Structures are given as structure tokens and as C-alpha cells.
Amino acid sequence: MARTSQPKKYIQTVKLKDTEYGYPRRKSYGKTILNKETVFPKPLEYEDIDNEFFKFVSDELKMSINGKNIPTFTLYSNQRFSEYSQSWSHVDDDGNLLMNFKTVNRENNPKPGENQGGLWNIPGDQRYTLLIRDVLEDNGEESYEIYSMSQPYCVDLTYRISIITDIYENINYFNELINSKFKSRQCYIRPNGHFIPMVLEEINDNTEYTVSERKFYNQTVIIKAMAYIIKEEDFKVEKKPKRIKLFMQGDTKRPKPEINIDEYFKDKVGYKSIELTIDLKEYHNKVEFVIDTDFVIEKTELYNLRNIRLSVNDMPYYIDKGFKVKENDSIKIIVNHIDPSINSQIKFIGYNPNKTFINGEIPIDVKDEVDKYEDITIE
């Protein structure tokens, strides 16, 4: 009995990821281009564009005669060919000037450009944000790192390419190269990764010179590069603190920091001594209250605090050498914790300059007095 083979089943590939189409796919191109790139684009100045244009003429408009590539040289716009030929180093064995070469020069006065379609920049030299990202500082605090740059300005750079040759066929070949490069209206160079469009302005025949009574041909091409300029000082990086609210306003479940004022008499002092203690719960970093007595602070003690900033009636005070406050003064304190996850304490030690006692008198027992507490504002 003959064995019949079963046809193979069609295996359909399982797509683990949906393919993007339309706008989402075009949007993803930007992520692909910028993958592993720096945040800022590279600067772009005249020298960068000049070097890239010279490379374009040397490599993209390459010509060879007898198996040798003809060289490309640069000329200043105000330099005549006769002056250039006097310092020429490319000569044959008989000392005759080699006539097959290309030259490149540029106008010295670039004008406002058309890269933006003839539109002008936004006035005021504003900066525009490119990226905002979170960073972790050395002290463990988080902050925002903001990258911004100014808007580039546009310029048109006009270049002149000349071919000097003693063979007429080279003129035809060079003309074909030029028209082939600009058959789509624009041709591009890419200095420092920036795409700069170029347009063909003119093609001229300047065959009217003789060197040592030898005939040569000269064809000139004028190309306009529609560029923009970006300088290093256009970039800016700023850091701003990141504020995190740990507790919502009106949260009554968490205990408030409390203020405790203890008054007592010291022997041989003559004034009524005061200790004002502020107990701060974890993550509390700001205290505001109104004091109900005159108080001369001679000493400050801190627990689990690096430093504090104190202001009385919105006037900053230095506490290292002591300070004075009066009744009904508004006191505001901002603290910097060593470990914000545990309680902290501030203790001001001093005296009331308005209350004194005479030796031998029995002072009031302050233990019988009711402790005084102040409601405070928490942030």
C-alpha cells in the first residue's frame, strides 16, 4: 500500500509586539535617531561648516586623471589666481605648474539666512527647555536638572568651487557631477551631525586665462549653504531643588511639634531663668509661633539637627552669640535634620530681663504652674 504524505501546515509567526503605523511610527523615528545621543546638540559655527564643505568637494566631487585624484585647495575670496600660482608647490618634473585641481572659497560676509523660510527669531534671546530630569545629589537629596538652549540664528554661506584643467573633457565631467548632486534641488552636508541644505546658484565658464602661454579651462560653481549657528554659550544647565510634600495639610493623625516654656529662679543670678524647648517630630522642618514673654537667649542646644535658620518678625537672626526677643514677637524656624526619620529638639536657654528676685525671698514654685503650650503651623 502506497504511503501518502500529508501536506505541511502553514506556520504563522506569533507577533510579540504590535507594529506601529502612521503617526506613532513617525514619532518613534525621533527616539531611534536620538538613542544614546547627548542631551544637547553639538555646537555649529563657521569653521565647522567650512571644513565639512571642503570635505564634500574633495570626496563627493572626486575626479581622477591618469588614475590619480586631482587635489582640492582653499583660496581666500580676495586672493587672485596669479598670486596663488606663485606659491604653488604642485609642479611636474620640469617645474611646470600642474593644471588639474579644484579650489574652494567663501564670501567673507555671510548674510541672514533662509533656513527658517525667511522667518525671524523670537525677540528677547529666550531660552527653551530641552529636557528636565531627576538627579540624586551627594547629600541624598533629589533635585531637578534642567537643560535649555537659545534659539539658533540662520546665515547663508556662499561658496565658490572652481576647477582648473587643461583637458576640456574634465569640464564636462565636473559639470555632470554638479548637476547630478543637485538634481533634487537640494544637497546636504552634515557638520557635527547637523543636516545643512545646499542649493545650486550658478554655473559659470571663466576660461580666459593663460599661464606661461598655456591654455587652460576654468569652470566656476556657486553654491549656497542655508545654515544656522549654535554656540557653546547657547547651552545652559540649571539645578533646582525638588520639594516633596510628605503630609497633607490638615492631617490630624500625626502629632504636632510642641513648645514647652520652663521658668525658674537660679541662685546668685537675680533674673528669672527660662528654658524654651521645641520638640520636632520626624520629617517636620518648619515651626512658627508667637512668644508670650521677653526673652534673652544666651545659649542654644540642638539635638539631631545640623543647623537652623531663625527669623523674628521676618528678620533673620544669628544665634551663635545669643539674641533677644520681646513679647508678641513672631518667631519662624527652619531646621536641617541629620536624620529626618527620628525626633529632633531645639532648646533655647536664657532669662527674662524684666523679672528679678532678692536673695532670701522664696520664689514661686513653678512646679505648681500649668505648663504652657503653643499651637504651631506645620509644613
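Read on for a plain summary of the structure.

Thresholds, definitions, all that
- Residues numbered from 1 in each chain as written.
- Predicted model: local features only at pLDDT ≥ 70, side-chain atom pairs only at ≥ 80, totals over all residues.
- Heavy atoms only, no water.
- Helix = DSSP H or I, 4+ residues; strand = E, 2+ residues; numbered from the N terminus.
- Buried < 20%, exposed > 50% of the residue type's maximum accessible area, 1.4 Å probe, protein only.
- Contact = heavy atoms within 4.5 Å.
- Polar contact = N/O pair within 3.5 Å; in protein donor to acceptor, adjacent residues only side chain to side chain.
- Core = buried A, V, L, I, M, F, W, Y, C linked by side-chain atoms within 4.5 Å.
- Lys, Arg positive; Asp, Glu negative; His and termini not counted.
- Salt bridge = Lys/Arg side-chain N within 4 Å of Asp/Glu carboxyl O.
- Pairing = 2+ DSSP bridges.
- Axes fitted to C-alpha atoms, helices over the stretch in contact; angles between N-to-C directions.
- Expected span 1.5 Å × (residues − 1).
- Phe/Tyr/Trp six-rings, centres within 6.5 Å; stacked < 30°, edge-to-face > 60°.
- Lys NZ or Arg CZ within 6 Å of the ring centre and 35° of its normal.

**Regarding the environment of Arg127**
Considering the arrangement of structural elements, one finds Arg127 in strand S6 (residues 127–136). Judged by relative accessible area, which is 37%, Arg127 ranks as partly exposed. Considered as a pair, Arg127 and Ser150 are 23 residues apart in the sequence and their alpha carbons are 4.5 Å apart. Sequence-distant contacts of Arg127, that is, excluding residues within four places in its chain, are made with Ser148, Met149, Ser150, Glu233, Asp234, Phe235 and Lys236. In this structure the side chain of Arg127 is engaged in a polar contact, spanning 3.3 Å, whose partner is the backbone oxygen of Glu233. In terms of polar contacts, Arg127 uses its side chain to reach the backbone carbonyl oxygen of Asp234, at 2.7 Å.

**Some remarks on the nonpolar core**
Most often, soluble globular proteins keep nonpolar side chains buried together rather than apart. If you look at the biggest cluster of nonpolar residues, it comprises 36 residues, and the most contacted ones within it are Ile49, Phe53, Phe56, Leu61, Ile161, Phe174 and Met198. Every element with two or more residues in this core is listed here: helix H2 (46–59), strand S7 (142–150), strand S8 (153–165), helix H4 (168–181), strand S9 (186–189), strand S10 (196–205) and strand S13 (217–229). Aside from chain neighbours lying at most four places away, what touches Leu61 is Phe56, Lys102, Ile161, Phe174, Leu177, Ile178 and Lys181. Counting residues in each nonpolar core, the second largest holds 23 residues, with Ile278, Leu305, Ile308 and Val312 among its members.

**Here we look at the side chain of Lys102**
Assignment of secondary structure puts Lys102 in strand S4 (residues 101–106). Put simply, Lys102 is tucked away with no salt bridge, and the nearest opposite charge, on Asp59, sits 7.9 Å away. Every residue in contact with Lys102, bar those within four places of it in the chain, is listed here: Val57, Ser58, Leu61, Lys62, Met63, Ile70, Pro71, Thr72, Phe73, Ser162, Ile163 and Phe174.

**Some remarks on the sheet that holds strand S17 (residues 286–290)**
One open sheet holds the four strands; their spatial order is S17-S22-S19-S20, and the pairing between them is antiparallel. Every other strand in the sheet has two partners, leaving S17 and strand S20 (315–317) as the edge strands with one partner each. Neighbour-to-neighbour, the strand axes of the sheet open up by a mean angle of 25 degrees, direction not taken into account. Pairing of strand S19 (residues 305–312) with S20, which is carried by three bridges, proceeds in the antiparallel orientation. Considered in S20, the bridge of Val312 is made with Met315.

**Describing the sheet that holds S6**
Strand order in this open sheet of three strands is S6-S7-S14, and the pairing throughout is antiparallel. Sheet topology places S6 and strand S14 (235–241) at the edges, where each strand pairs with a single neighbour. Along the sheet, successive strands turn relative to each other by an average axial angle of 25 degrees, direction set aside. Here nine bridges tie S6 to S7, and the two strands are oriented antiparallel to one another. Note that in S7 the partner of Leu136 across the bridge is Glu142.

**Notes on H2**
Across its 14 residues, H2 extends 20 Å between first and last C-alpha, which sits within 8% of the 20 Å expected from 1.5 Å per residue. Looking at the buried side of H2, the elements it contacts are strand S3 (72–74), S4, S8, S9, S10 and S13.

**A few points about unusual backbone geometry**
Positive phi, close to 75 degrees, is recorded for Arg185, a residue that is not glycine. Residue classification places Arg185 among the exposed residues on the basis of a relative accessible area of 56%. Positive phi is not limited to glycine here, since Asn192 has a value of about 55 degrees. Summarising the element assignment, Asn192 is placed in the loop between S9 and S10.

**Quick notes on the packing of aromatic side chains**
Counted under the stated rule, the structure contains eight aromatic pairs. Ring geometry for Phe40 versus Phe235: centroids 4.7 Å apart, planes at 20 degrees, classification stacked. With a gap of 195 residues between them, Phe40 in the loop between helix H1 (23–33) and H2 and Phe235 in strand S14 connect regions that are remote in the sequence. The burial state of Phe40 is the same as that of Phe235; both residues are buried. With 5.9 Å between their ring centres and 45 degrees between their planes, Phe53 and Phe56 make a pair best called tilted. Placement of both Phe53 and Phe56 in helix H2 is noted, with a separation of three residues, approximately one turn of the helix. Of the two residues, Phe53 and Phe56, neither departs from the other in class, the shared state being buried. Each member of the aromatic cluster is reached from another via a ring pair, and the members are Phe40, Tyr147 and Phe235. Directly above the ring of Tyr46 sits Arg106, whose terminal nitrogen or CZ lies 5.5 Å from the centroid.

**Quick notes on the pattern of salt bridges**
Under the counting rule described, the total for this entry stands at six salt bridges. In this structure, Glu60 and Lys181 form a salt bridge, with 2.9 Å as the shortest nitrogen-oxygen distance. With a gap of 121 residues between them, Glu60 in the loop between H2 and strand S1 (64–65) and Lys181 in helix H4 connect regions that are remote in the sequence. For Glu60, a relative accessible area of 40% gives the class partly exposed. Judged by its relative accessible area of 27%, Lys181 falls in the partly exposed class. Salt-bridge contacts for Glu238 lead to Lys236; the nearest nitrogen and oxygen are separated by 3.7 Å.

Any link to function would need more than the numbers given here.
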